[in-house]
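Summary of the model geometry
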Amino acid sequence: MERNAFRIEEEEYLPDDLLVEIFSRVPLASLARFRSVSKRWKALIKDVRFNKSSQIMLIGSRVYLANINFLGAQENIINITSQFNLKHPLSNSSKQVNIREAFHCDGLLLCTTEDNRLVVWNPSLDETTWIKPRSYYERPDIFAFGKSSCNKYKILRISLHKPRPAFEFMRPRLYEIYDFTSNSWRVVVDEVRDWSILGLARRGTCVDGNSYWLAFSSSQLQWMDILLRFDFSTERFTSMHNPSSSGRIFALSVTREEQKLCLLASVADNVYVWMATKIDSAEAMSWSKFLTVKRVYNNQWRFLTGMNFLVDEENKVIVCPGKSLDSDRFLHIVGEDIYIEVDQHDAGSRCSLLLCYVPTLVSASNPQGVGARKVPSLNAIL
């Protein structure tokens, strides 16, 4: 009793600002066990640890954690702080898994591999769950990772019809949802299949647990751009409102810090960045024009449908991986009066994907929180 009383008195004596400073110096994996000390510690760890985001880069087939410093000198703009290593748990080899695509939701990554496998990964905790297919995965499959309003994580798989010679686009053939509660796939019945997602745009954007794509619809007997949302609570697709004066829409992304949905569009010689200021549960959305970029910068690269980019609200710029722009540069940073080409020769390859990343203590092996949570051993942490 005396020992427990002493522990509680010590914990209550430490002021919040001191605890926050201590937590900021503790490895992320170690914080998982500290959450059980008290409700106060649990709340502080949750609220304080993750208020600033970093960036994840897919370079070659490897995932790296990086920070972008817009005020630094040319050679110091990008700081690649660490590499995350993904290995298959059943393999005795030290060889890493080659990653083809990555999708981010609340600190967890859903990755497709070059050998057509699917894995949920918390790189900060080095935890994985390998997702077996109901039958098999196909390379053109479209995946999305999100969560419902009651924080249940789910995976969406869209299987596509094979292209026909007279039909340019591949329509969705089958929708499947992977439920972590039952650890199984189930088919979703949804008759809205008059749309198609092309090229790089198949990598959706996750905002507030739901996924968004730029798609083409033929519902009006002509192909037209639409903003498509999949709601992981209702498990339904919805065509959302996009700004009517936006022009040709060709990419979606989010802001670095607050994860607001952004839309990239072009009209004549200008490229506009629109930011969603309000998203309703129905089709309604409110947009504001955040940034205008002159196409004068577009002399060494070109905008592509579904290209990857991030929006930095504070510095009023967009950051684009060179590979996403069909450019030989590592990154492009573009604003109203700013254009910076960034080379990163140490990386050894171009960056193909740039994502906002906020570490999480949610377990990749048990994202629903069902049952006991596996915590890495102290030897694994040190």
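Residues numbered from 1 in each chain as written. Predicted model: local features only at pLDDT ≥ 70, side-chain atom pairs only at ≥ 80, totals over all residues. Heavy atoms only, no water.

Moving on: the overall build of the chain. A count of helical and extended segments in the chain gives 5 helices and 25 strands. For the chain, the proportion of contacts with a sequence separation of at least 24, taken over those separated by at least 6, is 51%. Surface summary for the chain: the accessible area is close to 19000 Å², and the carbon and sulfur share equals 49%. (Helix = DSSP H or I, 4+ residues; strand = E, 2+ residues; numbered from the N terminus. Contact = heavy atoms within 4.5 Å. Areas by Shrake-Rupley, 256 points an atom, 1.4 Å probe, with all protein chains shown as cover.)

A few words on the sheet that holds strand β5 (residues 108–113). Two orientations exist for strands paired in a sheet by backbone hydrogen bonds: parallel and antiparallel. Spatially, the 4 strands line up as an open sheet ordered β4-β5-β6-β7, and their pairing is antiparallel. In this open sheet, the two strands that pair with only one neighbour each are β4 (99–105) and β7 (127–131). For this sheet, the mean angle separating the axes of adjacent strands, direction not counted, is 25°. Examined bridge by bridge, β5 and strand β6 (residues 118–122) share 4 bridges and lie antiparallel to one another. (Pairing = 2+ DSSP bridges. Axes fitted to C-alpha atoms, helices over the stretch in contact; angles between N-to-C directions.)

Along the chain, Q55 turns up in strand β1 (residues 54–59). Looking at Q55, the relative accessible area reads 0%, which means it is buried. In this structure the side chain of Q55 is engaged in a polar contact, spanning 3.5 Å, whose partner is the backbone nitrogen of I68. Among all residues touching Q55, those that are not within four sequence positions of it are Y64, L65, A66, N67, I68, R256, L310, L354, L355 and Y357. (Buried < 20%, exposed > 50% of the residue type's maximum accessible area, 1.4 Å probe, protein only. Polar contact = N/O pair within 3.5 Å; in protein donor to acceptor, adjacent residues only side chain to side chain.)

In this structure the tally under the stated criterion is 0 disulfides. Free of any disulfide, C206 has its nearest cysteine sulfur in C105, 3.7 Å distant. We classify C206 as buried; its relative accessible area is 17%. (Disulfide = S-S within 2.5 Å.)

On to the sheet that holds strand β24 (residues 339–342), then. The 4 strands are arranged β21-β22-β23-β24 in an open sheet whose pairing can be described as antiparallel. The strands lining the two open edges of the sheet, one partner per strand, are β21 (310–312) and β24. Neighbour-to-neighbour, the strand axes of this sheet turn through a mean angle of 20°, independent of strand direction. By the bridge criterion, 3 bridges tie β21 to strand β22 (residues 317–321) in an arrangement that is antiparallel. Counted as the bridge partner of V311 is I318 from β22.

The next thing to look at is unusual backbone geometry. If you check the backbone angles, D106 has positive phi at about 55° while not being a glycine. Checked against the element boundaries, D106 lands in the loop between β4 and β5. Since its relative accessible area comes to 34%, D106 is described here as partly exposed. The phi angle at K316 is positive, at roughly 55°, despite the residue not being glycine.

The next point concerns the packing of aromatic side chains. Going through the model one piece at a time under the given rule, you end up with 12 aromatic pairs. Relative to Y153, the ring of F145 has its centre 5.9 Å away and its plane inclined at 35°; by these criteria the two rings are tilted. This pair shows no difference in class: F145 is buried, exactly as Y153 is. On the numbers, 6.3 Å between centres and 45° between planes, the contact of W213 with F237 is tilted. Taken together, the residues W213 in strand β14 (residues 210–217) and F237 in strand β16 (residues 236–240) connect sequence positions 24 residues apart. The pair formed by W213 and F237 is uniform in burial state, with each residue classed as buried. The structure contains a cluster of three or more aromatic residues connected by ring pairs, namely Y137, F143, F145, Y153, Y178, F180 and W185. Taking the ring centre of Y272 as reference, the NZ or CZ of K289 above it sits at 4.0 Å. One Lys or Arg, K316, reaches over the ring of F290 and ends 5.3 Å from the middle of that ring. (Phe/Tyr/Trp six-rings, centres within 6.5 Å; stacked < 30°, edge-to-face > 60°. Lys NZ or Arg CZ within 6 Å of the ring centre and 35° of its normal.)

This brings us to the environment of R350. Positionally, R350 belongs in the loop between β24 and β25 (351–357). Along the sequence, R350 and F330 sit 20 residues apart, while their C-alpha atoms lie 5.1 Å from each other.

Moving on, we get to the environment of F216. Examined against the element boundaries, F216 turns out to sit in strand β14. Between the C-alpha atom of F216 and that of L227, which follows or precedes it by 11 residues, the distance is 8.6 Å.

Below, the discussion takes up the confidence of the model for the chain. A low pLDDT score tells you not to read the predicted coordinates there in detail. Confidence along the chain averages 77 in pLDDT terms, with 74% of residues attaining 70 or more. The model gives residues 370–382 a pLDDT under 50, and that stretch makes 24 contacts with residues more than four places away or in other chains. (pLDDT = per-residue confidence, 0-100.)

A few words now on the nonpolar core. The biggest cluster of nonpolar side chains holds 33 residues, and the ones touching the most others in it are M57, L227, W287 and L331. Those residues in contact with L227 that sit more than four places away from it in its chain are Y212, W213, L214, T238, S239, M240, H241, N242, L252, M285 and W287. (Core = buried A, V, L, I, M, F, W, Y, C linked by side-chain atoms within 4.5 Å.)

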